[in-house]
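An overview of the molecular structure
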Amino acid sequence: MVISALDRKLLRDLNRLRGQVITIALVVACGIASYVTMRSTWTSLTDSRDTYYERYRFADVFAHLERAPAPLAASIEAIPGVARTYTRVVEAAMLPMEGMPEPAVGTLVSLPAGQPAPLNGVYLRSGRMIEPGRDDEALVIETFATAHGLTPGAHIPAVINGKLRQIEVVGIAMSPEYVFAMSLGDFAPDDKGVAILWMDRAVLAPAFQMEGAFNDVAIDVQPGADEAEVRRRLDLILEPYGGLGAVSRDKQVSNFMLNGELTQLQQFATAIPAIFLLVAAFLLNIVLSRLVHLQRTQIAALKALGYSDFDIGLHYIKLVSVIVVVGAAIGTALGYWFGTLMIDLYRLYFHFPDLRYQLDVGVIVIGVVISLLAALVGALMAVRRIASMPPAEAMRPPAPPTYHLGLLDRKGFGQVLGVSAMMIVRELRRRPLRTILSSLGIAASVGIVVMGRFSYDSFDFLMNDVFHQEQRGDLMVSFIEPVPEESVLPLRHVAGVFDVEGTRQVPVRIRSGAVWRDSSILGLAEPPRLRRVVDRDAHEVAVPSYGLGISRKLGEILGVVPGDQVEVELREGQRGVHTLTVESLIDDAFGLQGYMSQSTLHQVLGEEVAVNAVQLRVDPQRDVEIRRRLKEMPKVARVVRKQATIDRFYEQSGSMMATMTFILSAFAATIAIGVVYNNARVALSMRSRDLASLRVLGFTRGEISAVLLGELAVQVVLAIPFGLLLGTWWADAVMSSIDPETYRMPITISMETYAFAVSVAVGAGIASALLVRRKLDQLDLIGVLKTRE
């Protein structure tokens, strides 16, 4: 095979410029790897979810009620648009597990023994299904079994309707209904403290006097049917039986949390890779255009030898393509590796039967095309400028810039700054655009680090400041049903208890016109001491003495302002619809919530003063003893340590955030090194004659290094403040993509994050300086001083 002269030149250029080729390829690799990692991870998770939901018949509509006769199922089935109805018994239980000072919260779900559930099917991970008529058998959700080391054949204690029973675990199972198994009021899964147990309906129903009845229904809606109308009619049917309101799949607790996580990941998988690809494209355009500009005389010589513009352009297309292909190969490999790493982490929280990482070829193609186009535009624009010149003119070095005295020269700063410093200043003044573009590239890498770490800072502020100020107690106790307030006040006299405060929370549907949201109203003490209301900046907010306070986001959704009235449909107690005045909008951080004083709430409910949750401030030395005593109280559903909630959050989120921070920081450092190193190499190539002349005139290696590297240092210094600001803007853009109905994190960036981002840029600059310094030390004084006449 005959290799053309231009192809031999291509091979020589790749070898001679291998350092720059590698760094540019790594910049391309970072852009592609970030896109491949996040986008393919999101695709893998959504495909696994959709397959799981379809295969195990996840329902479209859910409703819970107090008690309805079994024949009512026929009326539900007759609702237009209903394809399938599944009624069952779902009840709460306490699991006093050995080694736990407080009992785990269990949800008992009935199954039709001997046949699969028509909806919300169960996937058996190990063991066997329950046998009909066995009153001591259950399937246990995998997360709880793993957390406690349970296997088929193990026994667990369960307090079922006040009676302690030993339940045999015959199988470890999963269900699309409980991808996230959470207790009411939790904002993160608790694998050790929350259990789902599936039992034979014929066994479970008599334990709760539910023979011939049900208290939970799931519905599969026909394709194309009006789901909202199905829910409306279902609510009308269930209302006489204590229906709590039908919810769609989107609002089902587990799916709501899952979709929130996936939506956040989707936004991250769009915003962050887009920033990486744009930054990489920008750097490719700048660096390659400068690289081609250095070959000005070679392009002119090729034209003089008879090569056409097309041949020369094709030559540089090949050069660019080689760099992009190398970067794409590295980026795809890194993306696949980081993607599998992220899937391994998500596997700990997203409990699907089969979760595998799928490399999306389309994602790779998009990343390669964007990078290649950016590289070609930068290179070919420079080739076009040079090729448009007559060969004789292009073969001459560019005309030197026009020199004139600047402000520093006129003011005599040259004598103060010294010769080397004035050389740096003059060079920066002569080529301001190059300095600005180089600083922008470095600033982008600083911004990426800030963007990658801010979420940890914001969550840290949310948990340690907002949550801590809101929940002032050490222990949080929830009851199965409301209890008289006077029944919990004696807890103040228990040794080690410093303060006790009860709250009353009521499920409601808040409506304004045609817009509504299911929420709850929290009745607080006057004034609140342990359960307070705080805004996103951790400042305490006063609860209205009369009327209703609601989350600001809920007010925006409903389109109401203070002074407007809303309809509040109670889903507990005497029920009914009440018209209440919105007294205030509260910029809180969690969910969509209503707030009232306890006295006002009890007037609305028409009941005596009662609470369904209590907070206690206790002596840490007596914590275990107090929790044991609380566990023995009647109607206690759960006892939770506030610090345990915080620790669980960090345990679950820490590894994911650490991985994301590592990936983004590594990519950012690579980009910074790519920018600084290529700028330095291009500057060295363009100024080699000047620097060699200085060496001949007696300047030391250190002095000429200071001239060249000083320019790079100025670029880094200029980039840092803008990079920190850029990172803050990007963090705000990423946060705006998160579902605000779940939580609304404040944009909090710590000084440690800013310092880390600065250290990445400075470290990249130092590493690049050391690499370029080696080239300066090897400068061929005779070669670079040869002048073409």
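Residues numbered from 1 in each chain as written. Predicted model: local features only at pLDDT ≥ 70, side-chain atom pairs only at ≥ 80, totals over all residues. Heavy atoms only, no water.

1. Observations concerning the overall build of the protein
Secondary structure assignment for the protein yields 22 helices and 20 strands. For the protein, with 789 residues in total, the buried portion stands at 53%. Sequence-distant contacts, at least 24 apart, represent 82% of the contacts inside the protein between residues at least 6 apart. Surface exposure of the protein reaches about 34400 Å², of which carbon and sulfur atoms provide 58%. (Helix = DSSP H or I, 4+ residues; strand = E, 2+ residues; numbered from the N terminus. Buried < 20%, exposed > 50% of the residue type's maximum accessible area, 1.4 Å probe, protein only. Contact = heavy atoms within 4.5 Å. Areas by Shrake-Rupley, 256 points an atom, 1.4 Å probe, with all protein chains shown as cover.)

2. Some details on the environment of K318
Looking at the element boundaries, K318 is found in helix α9 (residues 309–346). The partly exposed category is assigned to K318, whose relative accessible area is 31%. In the structure, K318 is positioned 311 residues away from D7 in sequence and 8.8 Å away in space, judged by C-alpha atoms. What K318 contacts, discounting residues up to four positions off in sequence, is D7 and L10. Looking at K318, its side chain comes within polar contact range of the side chain of D7, at 3.0 Å. (Polar contact = N/O pair within 3.5 Å; in protein donor to acceptor, adjacent residues only side chain to side chain.)

3. Side note on the nonpolar core
L45, F144, I160, L197, W198 and F350 are the most contacted members of the largest nonpolar core, which has 152 residues in total. For F350, the contacting residues outside a window of four places in its chain are L45, V179, F180, L258, E261, L262 and L355. Core analysis: the second largest hydrophobic core is formed by 20 residues, I510, V560, V566 and V604 among them. (Core = buried A, V, L, I, M, F, W, Y, C linked by side-chain atoms within 4.5 Å.)

4. Brief notes about unusual backbone geometry
Going from E526 to P527, the amide bond is cis rather than trans, its omega being -10°. Relative to the helices and strands, P527 resides in the loop between β14 (515–524) and β15 (548–551). Here the phi dihedral of R57 falls at roughly 55°; this positive angle occurs in a residue that is not glycine. With a phi angle near 50°, N120 is a residue other than glycine that sits in the positive phi range. For N120, the position within the fold is in the loop between β4 (104–111) and β5 (123–127).

5. Concerning the packing of aromatic side chains
To describe a pair of aromatic rings, you give the distance between the ring centres and the angle between the ring planes. Applying the stated rule across the entire model yields 12 aromatic pairs. When the ring of F350 is compared with that of F352, the centres are 6.1 Å apart and the planes differ by 65°; the resulting orientation is edge-to-face. There is no split in this pair, since F350 and F352 are both buried. An aromatic cluster is built from Y52, Y56, Y123, F180, Y346, F350 and F352, whose rings are joined through pairwise contacts. Looking at R509, its charged tip hangs above the ring of W516, at a distance of 3.9 Å from the centre. (Phe/Tyr/Trp six-rings, centres within 6.5 Å; stacked < 30°, edge-to-face > 60°. Lys NZ or Arg CZ within 6 Å of the ring centre and 35° of its normal.)

6. Topic: a nonpolar patch on the surface
A contiguous nonpolar surface patch, about 340 Å² in accessible area, is contributed by I22, L26, V322, V326 and I330. Of all the elements in the fold, those that place two or more residues in the nonpolar patch are α2 (18–55) and α9. Broken down by element, the nonpolar patch gets its largest block of residues, three residues, from α9. Checked against the element boundaries, I330 lands in helix α9. (Patch = residues over 30% accessible without salt bridge, like charges linked within 9 Å, V, L, I, M, F, W, Y side chains within 5 Å. Salt bridge = Lys/Arg side-chain N within 4 Å of Asp/Glu carboxyl O.)

7. Observations concerning the pattern of salt bridges
A complete count under the given rule lists 28 salt bridges for this structure. With its nearest N and O atoms 3.0 Å apart, the salt bridge here joins E227 to R231. One end of the pair, E227, and the other, R231, are both in helix α6 (residues 227–238), four residues apart, so they sit about a helical turn from each other. Assessed through its relative accessible area of 15%, R231 is described here as buried. The salt bridge partner of E470 is R531, with a shortest N-O separation of 3.8 Å. Taken together, the positions of E470 in helix α15 (residues 432–470) and R531 in the loop between β14 and β15 put the pair 61 residues apart, joining distant regions of the chain. Neither residue differs from the other here; E470 and R531 are each classed as buried.

8. Overview of the sheet that holds strand β1 (residues 61–69)
An order of β2-β10-β1-β11 is seen for the four strands of this open sheet, with the pairing classed as antiparallel. Strand pairing shows two members of the sheet lacking a second neighbour, β2 (82–88) and β11 (247–248), which therefore form its edges. Bridge count for β1 against β11 is two bridges, and the pairing is antiparallel. Bridging across to β11, F62 finds its partner in V247. Of the strands in this sheet, β1, β2, β10 (213–221) and β11 are in contact with α6, which crosses β1 at around 15°. (Pairing = 2+ DSSP bridges. Axes fitted to C-alpha atoms, helices over the stretch in contact; angles between N-to-C directions.)

9. Focus on the pairing of strand β8 (residues 163–174)
Two faces make up the sheet, and in a regular strand the side chains alternate between them. In terms of strand pairing, β5 meets β8 through four bridges, oriented antiparallel. When the bridges of β8 are listed, L124 appears paired with A173. Relative to β8, strand β6 (residues 137–141) runs parallel, the two sharing five bridges. In the strand pairing of β8, I141 is matched with A173. Note: strand β7 (residues 155–160) against β8, six bridges, orientation antiparallel.

10. A short note on the side chain of Q252
Within the fold, Q252 resides in the loop between β11 and α7 (253–293). Assessed through its relative accessible area of 8%, Q252 is described here as buried. Polar contacts involving the side chain of Q252 include one to the main-chain carbonyl oxygen of E177, which spans 3.0 Å. In this structure the side chain of Q252 is engaged in a polar contact, spanning 2.9 Å, whose partner is the backbone nitrogen of N255. The contacts of Q252, once residues within four sequence positions are left out, are F58, F62 and E177.

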